[in-house]
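Residue-level listing of the chains:
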Amino acid sequence: MLVKRLISLFLFVILLNSCTSEFKPVTFNTITIEDPFEAEISAIYSKANGNTELSNTINTNIENAIVKTLNTTETTGDLKAILKAFNEEYLNFKTSYSEIDEPVWELHIETERIYQSEEIITIVISTYEFKGGAHGNDKIKLLNLDAKTGRIIPLKGFINDIEGFTSVAKTYFIKSLEQNKAELTIENFFFGKPFHLPENIGFSEEGLVLIYNVYEVASYDFGYTEFMIPFEEIDAYLTIH
């Protein structure tokens, strides 16, 4: 009788551990920085909740990715320190070149979590930076993070055949030109070089999103070039989903 009770207790402990070890996705909160600055500065970005190793790694990688999109002299410290440094740079510029009638500098940051599964989290980072001149500098970054470690996943971390995937991507790139920019052909892009994948590829609910930033494949006038490949067309090339 005692043996049966011990076996029942053992099975209960196993069942309890299996339930408590069930994967729990990290949750996010939206952080808004609205400190008063002389420059026009805004930041609305995603932050993983909690103080775990996972959430801290995710938040560090998000902030680092944001900073890498910026053309700023300050590259260390948290995001609020980066914004403050941008404002200080603007104030120093105004003092040094008071005779120049330049518009107010701008720095705008926004992120959005566009995909999350048990394996991967994709964050889209959009930044706009203006320090005078003809136009500002805007960039989009697709950040793919391991949902269980928070580490950045490179392209080869979720695509098993880069050459085969590139061939499919080229087909969909041409389709996007036909649908959205009928007057353009592939010869208008890549500056005379063969088709190549963009730096930014990330997951969405429907498939993989591919984004070429301004100047990456064409002149500034063309702006962003973006298209999507449905999952059913590339499942054979994906190692995670």
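Model, not experiment: these values are computed from the prediction. (Residues numbered from 1 in each chain as written. Predicted model: local features only at pLDDT ≥ 70, side-chain atom pairs only at ≥ 80, totals over all residues. Heavy atoms only, no water.)

1. Focus: the packing of aromatic side chains
Here comes step 1: Evaluation of the coordinates by the stated rule reveals 16 aromatic pairs.
Here comes step 2: Between Phe-86 and Trp-105, the aromatic rings sit 5.7 Å apart at their centres with planes inclined by 55°, giving tilted as the arrangement. Of this pair, Phe-86 sits in helix H3 (residues 79–96) while Trp-105 sits in the loop between H3 and strand S3 (106–116), and the two are 19 residues apart along the sequence.
Here comes step 3: Assessed through its relative accessible area of 0%, Phe-86 is described here as buried.
Here comes step 4: With a relative accessible area of 4%, Trp-105 lands in the buried category.
Here comes step 5: The interplanar angle of 70° and the centroid separation of 5.8 Å between the aromatic rings of Phe-173 and Phe-227 together place this pair among those described as edge-to-face. With a gap of 54 residues between them, Phe-173 in helix H4 (residues 162–180) and Phe-227 in strand S8 (residues 225–230) connect regions that are remote in the sequence.
Here comes step 6: Taking the relative accessible area as the measure of exposure, Phe-227 reaches 6% and is therefore buried.
Here comes step 7: Among the aromatic residues, those joined into a ring-pair cluster are Phe-173, Phe-189, Phe-190, Phe-195, Tyr-212 and Phe-227.
Here comes step 8: Sitting over the ring of Tyr-172, Lys-175 keeps its end group 4.6 Å from the ring centre. (Phe/Tyr/Trp six-rings, centres within 6.5 Å; stacked < 30°, edge-to-face > 60°. Helix = DSSP H or I, 4+ residues; strand = E, 2+ residues; numbered from the N terminus. Buried < 20%, exposed > 50% of the residue type's maximum accessible area, 1.4 Å probe, protein only. Lys NZ or Arg CZ within 6 Å of the ring centre and 35° of its normal.)

2. Remarks on the sheet that holds strand S1 (residues 28–33)
Here comes step 1: Sheet architecture is open: five strands sit in the order S1-S2-S3-S4-S5, paired in mixed fashion. What marks the edges here is a single partner per strand, and that holds for S1 and strand S5 (137–146). Across the sheet, the mean angle separating the axes of adjacent strands is 20° when strand polarity is ignored.
Here comes step 2: Looking at chain direction, S3 and strand S4 (residues 120–130) are connected through ten bridges and run antiparallel. Following the sheet pairing, Tyr-115 is matched in S4 by Thr-122. (Pairing = 2+ DSSP bridges. Axes fitted to C-alpha atoms, helices over the stretch in contact; angles between N-to-C directions.)

3. Concerning the pattern of salt bridges
Here comes step 1: Tallied over the full model, the rule gives three salt bridges.
Here comes step 2: Between Asp-35 and Lys-80 there is a salt bridge, with the nearest N and O atoms lying 3.9 Å from each other. Placement of the pair is Asp-35 in the loop between S1 and strand S2 (40–48) and Lys-80 in helix H3, with a sequence separation of 45 residues.
Here comes step 3: Note on Asp-35: relative accessible area 33%, which makes it partly exposed.
Here comes step 4: Here Glu-129 and Lys-131 are joined by a salt bridge, their closest N and O atoms 3.9 Å apart.
Here comes step 5: According to the relative accessible area criterion, Glu-129 is buried, its value standing at 6%.
Here comes step 6: Given the relative accessible area of 25%, Lys-131 is considered partly exposed.
Here comes step 7: Connected through salt bridges with shared partners, the residues Glu-89, Glu-129 and Lys-131 form a single ionic network. (Salt bridge = Lys/Arg side-chain N within 4 Å of Asp/Glu carboxyl O.)

4. Observations concerning H3
Here comes step 1: Helix length check: H3, at 18 residues, gives a terminal C-alpha distance of 26 Å against a target of 26 Å (1.5 Å per residue), a fit within 8%.
Here comes step 2: By the burial criterion, the buried members of H3 are Leu-79, Ile-82, Leu-83, Ala-85, Phe-86, Asn-87, Glu-89 and Tyr-90.
Here comes step 3: Taken together, the buried residues of H3 touch S1, S2, helix H2 (53–68), S3 and S4. (Expected span 1.5 Å × (residues − 1). Contact = heavy atoms within 4.5 Å.)

5. Some remarks on H2
Here comes step 1: In a regular helix each residue adds 1.5 Å, so 16 residues correspond to 22 Å; H2 covers 22 Å between its end C-alpha atoms and thus fits that length.
Here comes step 2: Considered for burial, the residues of H2 that qualify are Ser-55, Ile-58, Asn-59, Asn-61, Ile-62, Glu-63, Ala-65, Ile-66 and Val-67.

6. A short note on the confidence of the model for the protein
Here comes step 1: When pLDDT is averaged along the protein, the result is 87, and 87% of the positions lie at 70 or above.
Here comes step 2: Put simply, helix H1 (residues 2–20) is where the protein has its lowest mean pLDDT, 46, and strand S6 (residues 200–203) is where it has its highest, 98.
Here comes step 3: Segment residues 2–7: pLDDT under 50, and zero contacts once partners within four positions in sequence are set aside and those in other chains are kept.
Here comes step 4: Confidence drops under a pLDDT of 50 for residues 9–16, and excluding neighbours within four residues, the segment shows zero contacts in the predicted structure. (pLDDT = per-residue confidence, 0-100.)

7. Description of the nonpolar core
Here comes step 1: Phe-158, Phe-165, Phe-203, Leu-208, Leu-210 and Ile-229 are the most contacted members of the largest nonpolar core, which totals 29 residues.
Here comes step 2: Looking at this core, the elements with two or more residues in it are H4, S6, strand S7 (207–212), S8 and helix H5 (231–234).
Here comes step 3: Considering each element in turn, this core owes the most residues, six residues, to H4.
Here comes step 4: Here this core spans two domains, and each of domain 1 (25–153) and domain 2 (155–240) adds at least three residues to it.
Here comes step 5: Not counting chain neighbours up to four residues away, the residues in contact with Ile-229 comprise Phe-165, Val-168, Ala-169, Tyr-172, Gly-207, Leu-208, Leu-210 and Ile-234.
Here comes step 6: Leu-79, Ile-109, Leu-145 and Ala-147 belong to the second largest nonpolar core, which has 28 residues in total. (Core = buried A, V, L, I, M, F, W, Y, C linked by side-chain atoms within 4.5 Å. Domains from an automatic or database assignment.)

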